[in-house]
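Each chain is listed here by its residues.
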Amino acid sequence: MSPREITSGDVLCLTRSASPQFVRPITVRVIRVLTDWHTYHGWCWIDVYELNARGDAVDRRSLYVRCEGVRWRTTLPAAAPARRPISRVQVTA
């Protein structure tokens, strides 16, 4: 069975199975796959935004990964709920 193809917009979890550089797993959103960069069979270069725990992009990176080692995330990291401003009500007597 061939691995699923990485495409723009995919949210991936990268661990050591994707590359030895990921000692600490990271979550990324794919910008594009760099198909014109030559690689070894089964590896690819991808342009990504690294996501923080809230799902916000914090860094743009070009990464070299083993295609079979990436894991697709079905959901984004949980975003913090939006904070509503406290309304100040004046009470008159």
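A brief look at the structure comes next.

Some thoughts on the overall build of the chain
Scanning the chain for helices and strands turns up zero helices and five strands. Ordered by position from the N terminus, the helices and strands of the chain form the series β-β-β-β-β. Restricting to contacts in the chain with at least 6 residues of sequence separation, those with at least 24 account for 42%. Working note: accessible area of the chain is about 7,200 Å², and carbon and sulfur atoms make up 52% of it.

Re the sheet that holds strand β3 (residues 43-51)
Reading across from one edge, β4-β3-β2-β1-β5 is the order of the five strands in this open sheet, with antiparallel pairing throughout. Each edge of the open sheet carries a strand with a single partner, namely β4 (57-66) and β5 (71-72). Inspection of the sheet shows strand β1 (residues 11-14) paired to β5 by two bridges, in the antiparallel sense. Within β5, the position partnered with Leu 12 by the bridge is Trp 72.

Structural notes on the packing of aromatic side chains
Overall, the coordinates contain three aromatic pairs when judged by the stated rule. Taken together, a centroid distance of 5.1 Å and an interplanar angle of 20 degrees make the contact between Trp 43 and Tyr 64 stacked. Here Trp 43 is found in strand β3, whereas its partner Tyr 64 is found in strand β4, with 21 residues between them in sequence. Considering the side-chain rings of Trp 45 and Tyr 64, the 5.0 Å spacing of their centres and the 40 degrees angle between planes classify their relative orientation as tilted. Of this pair, Trp 45 sits in strand β3 while Tyr 64 sits in strand β4, placing them 19 residues apart in sequence. By relative accessible area, Trp 45 is classed as partly exposed at 24%.

So, the pairing of strand β2 (residues 26-33)
Alignment of β1 against β2, held across four bridges, turns out to be antiparallel. The partner of Cys 13 across the bridge, within β2, is Thr 27. Where β2 and β3 come together, six bridges link them in antiparallel fashion. What sits directly across from Val 28, in β3, is Glu 50.

Cut-offs and rules
- Residues numbered from 1 in each chain as written.
- Predicted model: local features only at pLDDT ≥ 70, side-chain atom pairs only at ≥ 80, totals over all residues.
- Heavy atoms only, no water.
- Helix = DSSP H or I, 4+ residues; strand = E, 2+ residues; numbered from the N terminus.
- Contact = heavy atoms within 4.5 Å.
- Areas by Shrake-Rupley, 256 points an atom, 1.4 Å probe, with all protein chains shown as cover.
- Pairing = 2+ DSSP bridges.
- Phe/Tyr/Trp six-rings, centres within 6.5 Å; stacked < 30°, edge-to-face > 60°.
- Buried < 20%, exposed > 50% of the residue type's maximum accessible area, 1.4 Å probe, protein only.

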